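Report on the structure
Take a look at the letters that make up each chain.
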Amino acid sequence: GSLIDRVFSTYKLMHTNQTLDFVKHKHSEWTSCNHAQMGMMDAIMSLDQLVDESDPDVDFPNSFHAFQTAEGIRQAHPDKDWFQLVGLIHDVGKIMALWDEPQWAVVGDTFPVGCKHQNSIVFRDNTFLDNPDDKNPSYNTDYGIYEPNCGLDNVLMSWGHDEYLYRVMKFNNCSIPEEGLYMIRFHSFYPWHSHGDYMHLCNDKDLHTRPWVQEFNKFDLYTKTTDLPDVDKLKPYYQSLIDKYCPGILKW
């Protein structure tokens, strides 16, 4: 019904406007982290103002999903506190939508720009018709602007909350392990971690880290319920993880 119409409309705008030039522009606009300064918990709670227009599964604010994901990971991986923290913060990059970035440049599944759009991208058949890169012979081959097995570190992804939060983590020298940073950066890259596309761009590091992203994905997808967590009760524990891995006031 109307929820699916909303999801489709968001992806249609995304797949029309997310070009190589657009992504480069967003990198220059956002990665200097000069938009705001705040602590991580405040950023998480600010997501109460946001309902993700690309998500057909939930129609309640994102902060609940943050704690649901973290608690699911905590139950399954009690010894990996950094993994639990990634569950909590993985969507915080959506804060861009509260700073006037349109949702099609914030939420939803991601894909590489500068090379052919693979068939596993959601709504691939009917949403890229007006994207100029799709018809550009420099960009619409399997490798496009990239070299074989160049590594995902060297691939420009469609702009969204994954890449933005990854950049915030790096800019603020947060100490989350590399596996956790990959989860943050690529958890919305479903054509890769769930469908096995774009493997021709991957290097050994990507292949080693992909199972971690897949493990994270289980909790991102399957902890969404209307049984909402007691956030006030959980906050002190997760604040201690924030203090350990990304403390203090961060630049966004």
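The rules behind each value
Residues numbered from 1 in each chain as written. Predicted model: local features only at pLDDT ≥ 70, side-chain atom pairs only at ≥ 80, totals over all residues. Heavy atoms only, no water. UniProt positions renumbered as here; feature names shortened; annotations may be inferred. Helix = DSSP H or I, 4+ residues; strand = E, 2+ residues; numbered from the N terminus. Contact = heavy atoms within 4.5 Å. 1 Å grid on protein atoms, 1.4 Å probe; cavity = no way out; pocket = protein on both sides within 12 Å on 5 of 7 lines; lining within 4 Å. Points joined across faces, edges and corners; volume = space filled by probe spheres on them. Nonpolar A, V, L, I, M, F, W, Y, C, P; charged D, E, K, R; others polar. Polar contact = N/O pair within 3.5 Å; in protein donor to acceptor, adjacent residues only side chain to side chain. Buried < 20%, exposed > 50% of the residue type's maximum accessible area, 1.4 Å probe, protein only. Arc of directions from axis to C-beta. Phe/Tyr/Trp six-rings, centres within 6.5 Å; stacked < 30°, edge-to-face > 60°.

The protein is annotated in an unreviewed UniProt entry as Inositol oxygenase from Seriola dumerili. You can read under Catalytic activity (unreviewed entry) in the UniProt record for the protein the words "myo-inositol + O2 = D-glucuronate + H2O + H(+)". Looking at the Subcellular location (unreviewed entry) heading of the UniProt record, one finds this comment for the protein: "Cytoplasm".

Glancing now at the side chain of His15. Topologically, His15 is positioned in helix α1 (residues 2-17). In contact with His15, other than residues within four places in its own chain, are Phe111, Ile121, Val122, Phe123, Thr127, Phe128 and Asn131.

Under the definition given, this model contains two cavities of 30 Å³ or more. Every residue along the wall of the largest cavity is listed here: Gln18, Val113, Gly114, Cys115, Lys116, His117, Asp133, Asp134, Tyr139 and Asn140. Counted by class, the lining of the largest cavity contains three nonpolar, four polar and three charged residues. Counted as a void, the second largest cavity has a volume near 30 Å³. In terms of lining residues, the second largest cavity is bounded by Met14, Gln18, Trp104, Val106, Val107, Gly108, Asp109, Thr110, Ser158, Trp159, Gly160 and His161. Across the lining of the second largest cavity, the residue classes break down as five nonpolar, six polar and one charged.

Moving on, we come to unusual backbone geometry. At Phe123, a position not held by glycine, the phi torsion is positive, near 55°. Within the secondary structure, Phe123 sits in the loop between α5 (81-89) and α6 (124-127).

Our focus in this paragraph is the UniProt feature "binding site: Fe cation 1" (unreviewed entry) in the protein. Annotation from UniProt places "binding site: Fe cation 1" (unreviewed entry) at His65, His90, Asp91, His161 and His187. If you take the residues mentioned a moment ago, the ones lining the second largest cavity come down to His161. Looking at where Asp91 falls in the secondary structure, it is placed in the loop between α5 and α6. The residues touching Asp91, leaving out its near neighbours within four places in the chain, are Leu47, Asn62, His65, His161 and His187. Mapped onto the elements, His161 comes out in helix α7 (residues 161-171). Each residue touching His161, except ones within four places of it in the same chain, is listed here: His90, Asp91, Gly93, Lys94, Met96, Val106, Val107, Gly108, His187 and Ser188. Here Asp91 takes part through its side chain, which lies 3.0 Å from a polar atom of the side chain of His161.

Restricting attention to buried positions, one finds in helix α2 (residues 20-30) the residues Leu20, Phe22, Val23, Lys26, His27 and Trp30. The arc that holds every buried residue of α2, seen down its axis, measures 160°, which confines them to one face. Exposed and facing more than 90 degrees away from the buried side of α2 are Asp21 and Ser28. On its buried side, α2 packs onto α1 and α7.

Position of Leu3 among the secondary structure elements: in helix α1. Sequence spacing of Leu3 and Asp55 is 52 residues, and the spatial spacing of their C-alpha atoms is 8.5 Å.

This paragraph deals with the packing of aromatic side chains. Overall, the coordinates contain 18 aromatic pairs when judged by the stated rule. Their ring planes at 55° and their centres at 6.4 Å tell us that Trp159 and Tyr164 sit as a pair that is tilted. Comparing Trp159 with Tyr164, the two get one shared label, buried. Pairing Phe186 with Trp192 gives two aromatic rings, centres 5.8 Å apart and planes at 65°, and the pair type is edge-to-face. Exposure remark for Phe186: the relative accessible area of 0% places this residue in the buried category. The buried category is assigned to Trp192, whose relative accessible area is 0%. Through a chain of ring-to-ring contacts, three or more aromatic side chains come together here, namely Tyr182, Phe186, Phe189, Trp192 and Tyr198.

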